[in-house]
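A closer look at the structure
Listed below, chain by chain, are the residues.
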Amino acid sequence: MKVLGIGESVIDMISNDESHTKHIGGPAPIALMLLSRLGIDCTLLTTLGNDPNGAIIQNALTDEKVTVLARREQHTKVNTYTINQETGARTKIRGKTIHKHIEHLDQAYLKQFDIVIIDRHEKKAFDELKYKKAYHTKILTDTSIEISPDTLDMIQYADYPIVPIEAVQSIGVTELLTIAKKPIIVTAGSEGSIIYDGRNQHIIPAHKVVAIDVQGAGDIYRGAFAYGILHEWNLTRCAEFANKVAALHCTRMGNSAAIPTKAELIRNGWMRI
């Protein structure tokens, strides 16, 4: 089983009342780090700066046994966050660094992967992926809360469109279903997940925890969901597992630093040895 991630890698500078720390972020890297810990062969196609932050990301992913194919720019993307100590919610200050979009994907190389996880920033790569991927390769998207022609196109062509509840509220589930023509998996934070298939609404309750930091919950959710798809679980079981993994991720500070290990998931009874 092989997974390719395509998307941005960033450094998250996190500030709270007591400390200032640096963590690795980005939808695809976080999902792949989880999957690699669970024994999946993972490769990340991303852009990194020729700077110390780029080296931090490269080394961390290599330590997690994620193969990194990095296109190089001068600087790595850096975002700054402040954290609400009571809710775990973050306020984001996006950095000014801009990278060129990833494009010109090698078709023969793409065909070896079972799943591609791609974030909304890489629309050029997504447009190539639609016709270059193998028939068996499934696409799992990260559209975040953005509703735009680009993200709606991703929802239409992805095999597993996972969207946050805020996106559904802004456009409406009926329109999203009309566009997707397949079940939509909605992440609703502390309320869990909802699967819409055009006829039924299936609510999968969240695993209740005390949230310390919710950054990256959606990224880790997608990684856990992809693990279920790789093992041919149904959508409900995939969402149940993803809910639990995302909840555990929220009980500690940081994004990459909060990724659960396989041993933790086994200890909780959510995975078998």
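Chains are numbered independently. Their residues run from 1 in the order of the written sequence. Local features in this predicted model are restricted to residues whose pLDDT is 70 or higher, and side-chain atom pairs enter the listing and the counts only when it is 80 or higher, whereas totals over whole chains, interfaces and linings include all residues. To obtain the side-chain values, all non-hydrogen atoms of the structure were used and water was disregarded.

1. Considerations on the pairing of strand E1 (residues 2-6)
Exposure classes here rest on a 1.4 Å probe applied to the protein chains alone. A residue is buried below 20% of its type maximum, exposed above 50%, and partly exposed in between. Elements are defined by DSSP. Helices are runs of H or I of four residues or more, strands are runs of E of two residues or more, and each kind is numbered from the N terminus. Along E1, four of the five residues are buried, which leaves the element largely enclosed by surrounding structure. Following DSSP output, two strands are said to pair if at least two bridges run between them. In the sheet, E1 pairs with strand E4 (residues 41-49) via five bridges, with the strands oriented parallel. Within the sheet, the bridge partner assigned to leucine 4 lies in E4 and is threonine 43.

2. Considering the layout of surface pockets
Using protein atoms alone on a 1 Å grid, points that fit a 1.4 Å probe yet trap it form a cavity, whereas open point sets bounded by protein on both sides within 12 Å along at least five of seven lines form a pocket; residues with an atom within 4 Å of a point count as lining. Grid points are joined across faces, edges and corners, and a volume is the space filled by probe spheres set on the points. Space inside the largest pocket adds up to approximately 1,200 Å³. As for the largest pocket, its lining consists of 43 residues, of which Val214, Gln215, Gly216, Ala217 and Gly218 are closest to the centre. Asp, Glu, Lys and Arg are counted as charged, while Ala, Val, Leu, Ile, Met, Phe, Trp, Tyr, Cys and Pro are counted as nonpolar; the rest, among them Gly, fall into the polar class. Here the lining of the largest pocket is composed, by residue class, of 17 nonpolar, 15 polar and 11 charged.

3. Side note on the side chain of threonine 151
As for its placement among the helices and strands, threonine 151 is situated in helix H5 (residues 149-157). A residue is classified by how much of its surface remains accessible, and threonine 151, at 1% relative accessible area, is buried. In this structure threonine 151 touches Arg120, Thr143 and Glu146, once residues within four positions along its chain are discounted. Whether two residues are in contact is decided by their heavy atoms: any pair within 4.5 Å suffices.

4. Observations concerning the nonpolar core
By size, the foremost hydrophobic cluster in this structure holds 47 residues, and its most contacted members are Val3, Leu35, Phe225 and Phe241. Taken together, the elements giving at least two residues each to this core come down to helix H1 (27-37), E4, helix H2 (52-63), strand E5 (66-73), strand E8 (115-119), helix H8 (217-230) and helix H9 (235-249). The element contributing the most residues to this core is H8, with eight residues. With sequence-adjacent residues up to four places away left out, phenylalanine 225 is seen in contact with Leu140, Tyr160, Ile162, Ile185, Leu235, Cys238, Ala239 and Ala242. Residues grouped as a nonpolar core are buried Ala, Val, Leu, Ile, Met, Phe, Trp, Tyr and Cys residues, joined through side-chain atoms within 4.5 Å.

Worth remembering: the numbers are spatial, not functional.
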